[in-house]
Amino acid sequence: MGGPVRSGRPGAGAGGAVRRGVPAGLLVPALVGVAFLLLPLVGVLARTDWPSLLHHLTTPQVTQALRLSLVVSGWALLLSLLMGVPLAWLLARVPFPGKALVRSLVLLPMVLPPTVGGVALLLAFGRRGVLGPWLESTFGLTLPFHTAGAVVAAAFVAMPFLVISLEGALAGLRPSLEETAASLGAGPLRVFATVTLPLLAPALAAGAALTWARALGEFGATITFAGNLPGATQTLPLQVYLLLQDSPEAATSVSLLLLVIAMAVLVALRGRWTGGAVREARATPPEGAAAAADPAGFADLGAPEEGPTLEKPPIRPGAEVGAGPAPAPAAEESDLRAELTGYTRFPLTAPAGTTIAVVGPNGAGKTTLLSALLGLTPRAHAEVLLGGRDVTRLPTHRREVAWVPQDGALFPHLSALANTAYGLRARGVPRAEARRQAREWLTRLGVGELAGRRPAQLSGGQAQRVALARALAARPRLLLLDEPLAALDQTTRARVRHTLRRHLAGFGGVCLIVTHDPVEAVSLADRVLVLEGGEAVQDAPPAEVTRHPRSPWVARMLGGNAWEGAAGPDGTVELAGGGLLTTAPGEAIPPGPGAPVLAVIAPEAVSLHLARPEGSPRNVWAGTVRELTAVGSRLRVLVTSPEVPALVAEITPAAAADLGLTDGTRVWTAVKATEVTVVGL
Ligand SMILES: Nc1ncnc2c1ncn2[C@@H]1O[C@H](COP(=O)(O)OP(=O)(O)OP(=O)(O)O)[C@@H](O)[C@H]1O
């Protein structure tokens, strides 16, 4: 196919709106703005005495000032890094009272006139300033008229650039990346060195470059605080000021030098540090032509069926991880026993090899449960025994609990292979061996040929499988998947679910999957744990939860018609919204007449007719078709009725065609009494 390569990602078409034409009302003032900024630069270029340029720039005064400028700006950068990095970290990561005030203080030098900054520095560190005498008597350090003073002045005005840039980057760093790294076994130092620092590097470099450039150009605070002493504090900008009076041509030449340096920094920033590299990586065609022809990555999805089967991850206490294939763990070694307190409060036990679907409405505590098991949230506490080993007081990276957050949290700066090898490397497996095992895992998950790609070059489905491979490769005892398929479209979801089921079947530990998808819950899990308001309202096999849902929410979530009501006489249910439901004579309605109950009717048990059906069904109501939705190969029909709450029927498309159903068709709905399940609330 010779069609255009689709990105498949939001924002791929960004720029289209701009190309359609810029309104003149914006264009004209914008162009005036550009001219306003450009003309002074043109002035410098036009008035430069080019033949004398080299001479002007190599006079002893200018070279001395240049040397001094480099020394001062270098030290100012170092000072800014020493103070600014921790400051940015605290501002971005640590809640403390008065944070807004501290942030304003950090930004103040940016908006303060530099001369005012200089005066303030004099009053603080000058000979008669607050700290000046002490600095002089204790360290013999005098700042005014000394190079150290010029450094202090430059650092004062330049440091905010570093703090702002770094704080923004830190705040934008998804916590899930560092938390996932910890869940893969990486200690805090390793997480910092391998995840935090590489991801912050562009912002750090950008901030450092801007800080250095600002320090290099500093004038007002320096001349006010440190004076204008040749060889000690007379930096290039001060030199320009002096030259302007005696030799304007030389001043123009030096200005040109400073201008070129500033432009070079900005051009370098734009090209290398502000996302250009990332954009480039995205635009690079992925290895192999298949990627262009198969942007969603479906081609590889069929493969796993025939692929090698998953050996159970070796999970043994004290076993040397990564020392080649190891025997499957004894089941009891990876049992889960947890006692949760706080927002989520219930006991949770599961034998090894169990997959539990965790379901519940928004805010039910599903994510909190996973975070508590990882030891990552103050909102809940989990006493956790894994395979008989108490991990409660262990930090996340030593729990052997791997987490796959909703977005996969693949490390964007690492290839799929390096991502997958991450947990093994964290546990000390040598690099070559870790990569070999990682490649095996990727192959098992059907994404072996994507090993060299960065996450930005993977489709949603591919990324999910790499994330899963990465978690499984770390050989956890407990695997936590937070909505692993939520980001995928229906087709991909079905395929990835299939792969997931196969691999979970071979996983030796306990697996918890948070999901909002009833199909996922029923098809992937051995048990469904229903949470509501932090409590476990039901924990039972899928069939049991489907047949006897213990809450209206779970009944609806699993696709049933669930009506609240009160137990009436003779096996009837008086529906809360009005209407009466007849149940089978044998249907025991706990705990007795008048008790609140939930009546559940499976959509497949609702039949639709154009004429009132005669005969056995005990529950027959007139209604109107309101909505037809395809669910797999079946159709779901929403029918509203004045007699009972809205009802969903599931029928074949052929039956719908026979009845000529469309929006607004008047129908009769019928439900046999034996098809009504009643659950006490
Ligand atoms: N960072 C937080 N700080 C304070 N409270 C929080 C925080 N995150 C969640 N909560 C609260 O904790 C409770 C449980 O939230 P949790 O995220 O575990 O729910 P959930 O079942 O995962 O919901 P969802 O389906 O919306 O993801 C909610 O009441 C929520 O408002």
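If you're wondering where the values come from, they're calculated on a predicted model, not measured in any experiment. (Residues numbered from 1 in each chain as written. Predicted model: local features only at pLDDT ≥ 70, side-chain atom pairs only at ≥ 80, totals over all residues.)

## Regarding the overall build of the protein
Stage number 1. When helices and strands are counted, the protein shows 24 helices and 20 strands.
Stage number 2. For the protein, buried positions account for 42% of its 681 residues.
Stage number 3. For the protein, long-range pairs separated by at least 24 residues make up 71% of all intrachain contacts whose partners lie at least 6 apart in sequence. (Helix = DSSP H or I, 4+ residues; strand = E, 2+ residues; numbered from the N terminus. Buried ≥ 20, exposed ≤ 12 C-beta atoms within 10 Å, placed from the backbone. Contact = placed C-beta atoms within 7 Å.)

## Some details on the sheet that holds strand 18 (residues 647–651)
Stage number 1. Strand order in the open sheet made by the 5 strands is 15-19-16-17-18, with antiparallel pairing throughout. In this open sheet, the two edge strands, each paired with only one partner strand, are strand 15 (606–609) and strand 18. Neighbour-to-neighbour, the strand axes of this sheet turn through a mean angle of 45 degrees, independent of strand direction. (Pairing = 2+ DSSP bridges. Axes fitted to C-alpha atoms, helices over the stretch in contact; angles between N-to-C directions.)

## A few points about the UniProt feature "transmembrane region" (unreviewed entry) in the protein
Stage number 1. Within this structure's numbering, the places UniProt gives as "transmembrane region" (unreviewed entry) are residues 21–46, 66–92, 104–125, 145–170, 191–213 and 250–269.
Stage number 2. For residues 21–46, helix accounts for 88% and strand for 0%, while the C-alpha atoms at its two ends are 34 Å apart. (UniProt positions renumbered as here; feature names shortened; annotations may be inferred.)

## What about the sheet that holds strand 2 (residues 347–350)?
Stage number 1. Across the sheet, 4 strands lie side by side as 2-1-4-5; this open sheet has antiparallel pairing. Of all strands in the sheet, those bounded by a partner on one side alone are strand 2 and strand 5 (389–390).
Stage number 2. In this structure, strand 1 (residues 336–342) lies alongside strand 4 (residues 380–386), joined through 7 bridges in antiparallel fashion. Looking across to strand 4, one finds that Leu336 is bridged to Leu386.

## Topic: helix 2 (residues 24–47)
Owing to its 3.6 residues per turn, the α-helix brings residues three or four apart onto one side.
Stage number 1. Along its 24 residues, helix 2 runs 33 Å from first to last C-alpha, staying within 8% of the 34 Å computed at 1.5 Å per residue.
Stage number 2. The sharpest bend along helix 2 comes to roughly 30 degrees, located at Leu38, with the proline Pro40 sitting one to four residues further on.
Stage number 3. Of all 24 residues that make up helix 2, 0 are buried, and the element is exposed over most of its length. (Expected span 1.5 Å × (residues − 1). Bend = angle between axes of the 7 residues up to and from the residue.)

## Regarding the site of the ligand
Stage number 1. Contacts to the ligand come from Tyr343, Gly360, Asn362, Gly363, Ala364, Gly365, Lys366, Thr367, Thr368 and Arg379.
Stage number 2. In terms of residue class, the shell around the ligand is made up of 2 nonpolar, 6 polar and 2 charged. (Near = placed C-beta within 6 Å. Nonpolar A, V, L, I, M, F, W, Y, C, P; charged D, E, K, R; others polar.)

## Some details on the nonpolar core
Stage number 1. By size, the foremost hydrophobic cluster in this structure holds 167 residues, and its most contacted members are Leu373 and Leu480.
Stage number 2. Tallying contributions element by element places helix 8 (residues 147–172) first for this core, with 16 residues.
Stage number 3. Once you skip the residues sitting within four places of it in the chain, Leu373 turns out to touch Ala338, Ala382, Val384, Val401, Leu478 and Leu480. (Core = buried A, V, L, I, M, F, W, Y, C linked by C-beta atoms within 7 Å.)

## Here's the deal with helix 19 (residues 460–473)
Stage number 1. Here helix 19 is 14 residues long and its end C-alpha atoms lie 20 Å apart, about the 20 Å a rise of 1.5 Å per residue gives.
Stage number 2. Taken across its 14 residues, helix 19 has 14 buried, putting it largely inside the fold.
Stage number 3. Looking one or two residues past helix 19, Arg475 carries a phi angle of roughly 50 degrees, positive in sign.

## Observations regarding the packing of helix 17 (residues 416–426) against helix 19
Stage number 1. Across the interface, helix 17 lies against helix 19 with an axial gap of 7 Å and an inter-helix angle of 25 degrees. The orientation of helix 17 relative to helix 19 falls into the category roughly parallel. In the crossing of helix 17 with helix 19, the sense of the turn from one axis to the other is right-handed. Packed against helix 17, whose contacting residues are Ala416, Asn419, Thr420, Tyr422, Gly423 and Leu424, the element helix 19 presents Val466, Ala469, Arg470 and Ala473 at the interface.
Stage number 2. Looking at side-chain class alone, the contact of helix 17 with helix 19 contains 6 nonpolar, 3 polar and 1 charged residues. (Parallel < 35°, antiparallel > 145°, perpendicular 65-115°, else oblique. Left-handed = near helix turned anticlockwise from the far one by under 90°.)

## A word on unusual backbone geometry
Stage number 1. The phi dihedral of Ala409 is positive, around 50 degrees, even though this residue is not glycine.
Stage number 2. Relative to the elements of secondary structure, Ala409 occurs in the loop between strand 6 (401–404) and helix 17.
Stage number 3. Using a count of 25 C-beta atoms within 10 Å as the deciding quantity, one classes Ala409 as buried.
Stage number 4. Residues other than glycine seldom take positive phi values, yet Glu483 does so here, at roughly 45 degrees.
Stage number 5. Looking at where Glu483 falls in the secondary structure, it is placed in the loop between strand 7 (478–482) and helix 20 (490–505).
Stage number 6. Since 19 C-beta atoms lie within 10 Å of it, Glu483 is described here as partly exposed.

## Description of the pairing of strand 10 (residues 535–540)
Stage number 1. Two elements, strand 9 (residues 527–532) and strand 10, share 5 bridges in a ladder whose sense is antiparallel. By the bridge assignment for strand 10, Leu531 is matched with Ala536.
Stage number 2. Turn length for the strand 9-strand 10 hairpin, with the two strands adjacent in sequence and antiparallel, is 2 residues, and the turn residue Gly533 shows positive phi of about 55 degrees.

## Looking at the environment of Leu204
Stage number 1. Positionally, Leu204 belongs in helix 10 (residues 188–216).
Stage number 2. Residue Leu204 is classed as buried on the basis of its 21 C-beta neighbours within 10 Å.

## Observations regarding the confidence of the model for the protein
Stage number 1. With 85% of its residues at a pLDDT of 70 or more, the protein has an overall mean of 82.
Stage number 2. Low confidence marks residues 1–18, where pLDDT is under 50. Its contacts with residues over four positions away, or in another chain, come to 8 contacts.
Stage number 3. Contacts from residues 272–332, a stretch scored under 50 in pLDDT, to residues over four places away or in other chains number 97 contacts.
Stage number 4. Across the assembled chains, the prediction reports ipTM 0.95 with pTM 0.69. (pLDDT = per-residue confidence, 0-100.)

## Details of the packing of helix 4 (residues 60–93) against helix 8
Stage number 1. Between helix 4 and helix 8, the least distance of the axes is 6 Å, while the angle of their chain directions is 40 degrees. In terms of orientation, helix 4 lies oblique with respect to helix 8. Here helix 4 and helix 8 pass one another in a crossing that is right-handed.
Stage number 2. Tallied by class, the residues present in the contact of helix 4 with helix 8 amount to 25 nonpolar, 4 polar and 2 charged.

## Re the environment of Ala169
Stage number 1. Residue position: Ala169 is located in helix 8.
Stage number 2. Through-space distance from the C-alpha of Ala169 to that of Leu200 is 6.4 Å; in sequence the pair is 31 residues apart.
Stage number 3. Residues within four places of Ala169 in sequence aside, it is in contact with Leu200 and Ala203.

## What about the pairing of strand 6?
Stage number 1. Side-chain alternation along strand 6 places Val401 and Trp403 on one buried face and Ala402 and Val404 on a second face that is also buried.
Stage number 2. By the bridge criterion, 4 bridges tie strand 6 to strand 7 in an arrangement that is parallel. By the bridge assignment for strand 7, Val404 is matched with Leu481.

## Topic: the environment of His609
Stage number 1. Looking at the secondary structure, you find His609 in strand 15.
Stage number 2. Ignoring anything within four residues of it in the chain, the contact list for His609 reads Val667, Trp668 and Ala670.

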